[in-house]
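Structure assessment
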Amino acid sequence: MSLRIVVTVKYVPDATGDRHFAEDLTVDRDDVDGLLSELDEYAIEQALRIAENADDDVEVTVLTVGPEDAKDALRKALSMGADKAIHVEDEDLHGTDAIGTSLVLAKAIEKAGFDLVLCGMASTDGAMGVVPALLAERLGVPQVTLLSEVSVEDGTVTGRRDGDAASEQLEASLPAVVSVTDQSGEARYPSFKGIMAAKKKPVVSWDLSDLGIEADEVGLQNAWTAVEAAAERPARTAGTIVTDEGEGGKQLAEFLAGQKFI
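Position labels on residues start from 1 in each chain and follow its written sequence. Residue-level local features of this predicted model are given only where pLDDT is at least 70; pairs of side-chain atoms are given and counted only at 80 or more, and the full residue set underlies all totals for whole chains, interfaces and linings. Working from all heavy atoms in the structure, the side-chain values ignore hydrogens and water.

**Brief notes about the packing of aromatic side chains**
In this scheme Phe, Tyr and Trp rings, the latter by its six-membered ring, pair at centre separations within 6.5 Å, and the angle between planes marks the pair as stacked below 30 degrees, edge-to-face above 60, and tilted otherwise. Taken as a whole and assessed by the stated rule, the structure comprises zero aromatic pairs. The ring of tryptophan 206 carries lysine 111 above its face, with NZ or CZ at 5.2 Å from the centroid. Counted as over-ring charges are cases with an Arg CZ or a Lys NZ within 6 Å of the ring centre that also lie within 35 degrees of the ring normal.

Structure follows, in C-alpha cells:
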C-alpha cells in the first residue's frame, strides 16, 4: 500500500528585496523577485525523509497556489526530490487571504488524493501560520502542528512539539495534516542530477473551475481580512554619537532611558 503525501508550498517575495504595495494594497509581486518560502523547505525535507525511511511506496506531491512564476517554487521542490507538482492558477485568486487560500488548497488536496498533508510552520511573507489548522478543518482530519520531529508508521503520524518549558509527544491516525518547524531538520540542496530530473517530472495546472470553486468565494473583494492603509518605511536617520569625555556612561544611560530601552 502506497502513502500519498501532499506538501503545500508558497511562492513568496524575496525578503531581501525592496518590497512595495500595489494600488489595491496587495504586495506588488511584479516589483520584486520571488522564491520558494524557506519555511516550506523544511516540510519538503520531512516528506522526503518519510519516503526514504518507508517500507512501502511513497508518492510526494508539492502543491502551490499562485501566479505563473509560482512554478519556480515547484521546480525547486521537484529538484529536491518530490515526485510531481500541482499548480493552481487563476486570475480571480488575486488578493485571496488565508481563509480563501485554505479553501483552494483543500479542494486541490481532495482532488489529488492524500494520506498526509505536510506544511511549513508559516509563510515568510504573511507569517500567519493558520493555514494548516484551516486545512485540517476543511478536510475533516486531525491536525498535529509545529512539530520539530515527525515520523509515520502503521497508519499513524507521530511527532514531538517543543515548547518553552516542555516537549510533547503527539500522534494522530492518518489521514492528517502536519506542520513542521525550522528545527525539524536542515533542508537538502538540490543536486545537479535532481535539477535535471525535475525537468521531466509532471506539473499539473488547475484553475478554479477544475476545483469547483466560484470566483465569489475567493479574491480580494471576498477576503475576510484586508489591509486598510500602508505607508513607506521612514528613511534611516543618522545615529547618535556619544563622545566619552568622562560622561559617556551617563549620556548612554540617558539615551537608552529616553528610548525606553531601560
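Once the structure has been displayed, the description carries forward.
**A short note on the side chain of serine 79**
If you trace the backbone, serine 79 turns up in helix H2 (residues 71-80). We call two residues contacting when some pair of their heavy atoms lies within 4.5 Å. Aside from chain neighbours lying at most four places away, what touches serine 79 is Pro190, Ser191, Gly194, Ile195 and Ala198. Under the scheme used here, helices are H or I runs from DSSP no shorter than 4 residues and strands are E runs no shorter than 2 residues, and both carry numbers assigned from the N terminus.

**Focus: the pattern of salt bridges**
Counted as salt bridges are all cases of a side-chain nitrogen of Lys or Arg within 4 Å of a carboxyl oxygen of Asp or Glu. This structure, assessed with the given rule, holds 12 salt bridges. Across the salt bridge formed by arginine 160 and aspartate 162, the nearest N and O atoms sit 2.8 Å from each other. Exposure classes here rest on a 1.4 Å probe applied to the protein chains alone. A residue is buried below 20% of its type maximum, exposed above 50%, and partly exposed in between. A residue is classified by how much of its surface remains accessible, and arginine 160, at 24% relative accessible area, is partly exposed. By relative accessible area, which is 37% here, aspartate 162 ends up partly exposed. Linked by salt bridges that have partners in common, Glu45, Arg49, Glu52 and Arg188 make up one network.

**Thoughts on the packing of helix H1 (residues 38-53) against H2**
The description of two packed helices rests on the angle between their axes and on the distance between the axes. At a minimum axis distance of 10 Å, the contact between H1 and H2 shows a crossing angle of 30°. Between H1 and H2, the angle is such that the two are roughly parallel. Judged by the twist between their axes, the crossing of H1 over H2 is right-handed. When H1 is examined against H2, the residues Glu41, Ile44 and Leu48 are found in contact with a partner set consisting of Lys76, Ala77 and Met80. In this classification, the charged set is Asp, Glu, Lys and Arg, the nonpolar set is Ala, Val, Leu, Ile, Met, Phe, Trp, Tyr, Cys and Pro, and all remaining amino acids, among them Gly, are polar. Here the residues of the contact of H1 with H2 sort into four nonpolar, no polar and two charged. Note on definitions: angles span 0 to 180 degrees between N-to-C directions of axes, and those axes are lines fitted to C-alpha atoms, for helices only across the stretch in contact. These descriptions rest on fixed angle ranges, namely under 35 degrees for roughly parallel, over 145 for roughly antiparallel, 65 to 115 for roughly perpendicular, and the rest for oblique. Left-handed describes a crossing whose near helix is turned anticlockwise from the far helix by less than a right angle; the clockwise case is right-handed.

**Section: helix H3 (residues 98-112)**
Helix length check: H3, at 15 residues, gives a terminal C-alpha distance of 20 Å against a target of 21 Å (1.5 Å per residue), a fit within 8%. Restricting attention to buried positions, one finds in H3 the residues Ala98, Gly100, Ser102, Leu103, Val104, Leu105, Ala106, Ala108 and Ile109. Positive phi appears at glycine 113, one or two residues downstream of H3, with a value of about 90°. Here, expected helix span is obtained from the residue count minus one, scaled by 1.5 Å.

**Quick notes on the sheet that holds strand E8 (residues 149-153)**
Strand pairing in a sheet takes place through backbone hydrogen bonds and is either antiparallel or parallel in direction. Spatial strand order, E8-E9-E10: three strands in an open sheet with antiparallel pairing. Each edge of the open sheet is held by one strand with a lone partner, namely E8 and strand E10 (167-173). Averaged over all pairs of adjacent strands, the angle between strand axes in this sheet comes to 15°, irrespective of strand direction. Whether two strands pair depends on DSSP finding at least two bridges between them. Bridge count between E8 and strand E9 (residues 156-162): five bridges; the pairing is antiparallel.

Purely geometric stuff here, so don't read any function into it on its own.
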